[in-house]
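Residues per chain, in single letters:
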Amino acid sequence: MDAIEVIRAKRDHHELTDAQIDWVIDAYTRGEVADEQMSALAMAILLNGMNRREIAAWTQAMIRSGERMDWSALDRPTADKHSTGGVGDKITLPLAPLVAACGAFVPQLSGRGLGHTGGTLDKLESIPGWRASLSNDEMLDVLRTAGAVVCAAGSGLAPADKKLYALRDVTGTVESIPLIASSIMSKKIAEGTGALVLDVKVGSGAFMKTTETARELAETMVALGTDAGVRTVALLTAMDRPLGRAVGNALEVEESVEVLAGGGPADVVELTVRLAREMLEAAGVSGKDPAKALQDGSAMDAWRRMIAAQGGDPDALLPRAAETMTVEAPESGVLTRLDAYAVGLAAWRLGAGRARKEDPVSPGAGVMLHAKPGDLVRAGQPLLTLHADETARFARAIEALDGAYAVGPASRPQLPLVIDRIT
Ligand code: URA
């Protein structure tokens, strides 16, 4: 077999055979198929698609390219959540300890942010001492101590995806449902979780801008998980406006701790509790109410154990950016729009995100929202506070926010927080 044959087949709208897929993924991982050949194939897949059988074979081949984790030695069921990424999406932070407090183990491999969406590891790394890199044995120890662990995937997990995702990132081939679904699910299946809840975001701040494309991605991922023996459910949730009031690493940790203390913004609490219920149901755990576990301190206890077990100090002061700037409401009325993508872009330009994988992030940078769509505002009241380490960053953040918000006489309909559930 050779790479040109496989590229030509997909270029000419043929289905790839299981043997072609197995060969090309294995040969690419070993370096026998060159990057330029794999990028031609990725582009042919983006343009001509893959059917469900091809996507399943592609996913399985990527899983086989590396190790598969196994939690069967644990005495409780495992459950995980994956979000397709959004602005202000800090849900993993309160959710993982909450589900642990309710009786399931949560082994979560997370990522760093790229572009306008934040990454869970960047957020947690703003806690002094906290470590994202753990060995498999250390992961098991943290799970046994705290019930939940959130860490970086080791290099042995789905190495074909690591190589391919980096290539897609620089060849305009990220936006393909077969490639996104197989990329996410190969890592989640290899991670070894028994149950998985997918939070597929919809709107300007998400990968998927429309409910239709988000539904197609969700259905594809649910089918891949279910076929691999993972009990998988997906929620389609709103990302036309930011989630919560904090956007930026340390700012989002602070907001997550508020939620764990029984407070926090209503949308973050609602989504955290809903996802916790879905994870517990998929894992077959009953008897504990996640809403109560946020009020009675048990979720907070699990959070403190989880942070400490990964070297972090749960009582440490979080980093703050040196400079702030306030954006005021232009007139009185109802805030009718606050665009998620624009706020994410502003936070990124303030230093909260990175342009290249190796760039550092500023832990204190970001945006605090003082009003959400539907709220009444008065002319001149603070609408947003921008946080950055240098004042020079404010001008480009303000540019990103141009046209991002509107005040009008009456509220406008917005996407419901939970749009649909796919099983
Ligand atoms: N996240 C992933 O892990 N893979 C993709 O292809 C897109 C988002």
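Quantities reported herein were computed from a predicted structural model and do not represent experimental measurements.

1. Considerations on the environment of Ile 189
Here comes step 1: Looking at the element boundaries, Ile 189 is found in helix α9 (residues 177-190).
Here comes step 2: Here Ile 189 falls in the buried class, since 24 other C-beta atoms lie within 10 Å of it.
Here comes step 3: Separated by 35 residues in the primary sequence, Ile 189 and Leu 224 place their C-alpha atoms 9.0 Å from one another.
Here comes step 4: Residues contacting Ile 189, with those up to four places away along its chain left out, are Ile 63, Gly 225, Ala 228 and Val 230.

2. Looking at helix α7 (residues 136-146)
Here comes step 1: Within the sequence span of α7, burial applies to Met 139, Val 142, Leu 143 and Ala 146. End-on view of α7: buried residues confined to an arc of 100°, all on one side of the axis.
Here comes step 2: Those residues of α7 hidden inside the fold are in contact with α5 (92-101), β2 (106-110), β3 (148-152) and α14 (298-309).
Here comes step 3: Once α7 finishes, Gly 147 follows within two positions and takes phi at roughly 90°, a positive value.

3. Description of the site of the ligand
Here comes step 1: Taken together, Tyr 165, Val 174, Leu 179, Ile 180, Ser 183 and Ile 184 make up the full set of residues adjacent to the ligand.
Here comes step 2: Residue contributions to the shell around the ligand peak at four residues, all from α9.
Here comes step 3: Partitioning the shell around the ligand into residue classes produces five nonpolar, one polar and no charged.

4. Let's talk about the UniProt feature "domain: Pyrimidine nucleoside phosphorylase C-terminal" (unreviewed entry) in the protein chain
Here comes step 1: Within the UniProt annotation, "domain: Pyrimidine nucleoside phosphorylase C-terminal" (unreviewed entry) is assigned to residues 334-408.
Here comes step 2: As a span, residues 334-408 carries 27% helix and 29% strand, and end to end its C-alpha atoms are 5 Å apart.

5. Observations regarding the nonpolar core
Here comes step 1: Counting residues in each nonpolar core, the largest one holds 141 residues, and the members touching the most others are Val 99, Ala 100, Ala 104, Ala 148, Met 221, Met 279 and Ala 346.
Here comes step 2: A per-element tally of this core places helix α15 (residues 340-352) first, with ten residues.
Here comes step 3: Non-local contacts of Met 279, meaning those with residues more than four positions away in its chain, are made with Ala 79, Lys 81, Val 99, Ala 104, Ala 195 and Val 197.

Quick notes on the rules
Residues numbered from 1 in each chain as written. Predicted model: local features only at pLDDT ≥ 70, side-chain atom pairs only at ≥ 80, totals over all residues. Helix = DSSP H or I, 4+ residues; strand = E, 2+ residues; numbered from the N terminus. Buried ≥ 20, exposed ≤ 12 C-beta atoms within 10 Å, placed from the backbone. Contact = placed C-beta atoms within 7 Å. Arc of directions from axis to C-beta. Near = placed C-beta within 6 Å. Nonpolar A, V, L, I, M, F, W, Y, C, P; charged D, E, K, R; others polar. UniProt positions renumbered as here; feature names shortened; annotations may be inferred. Core = buried A, V, L, I, M, F, W, Y, C linked by C-beta atoms within 7 Å.

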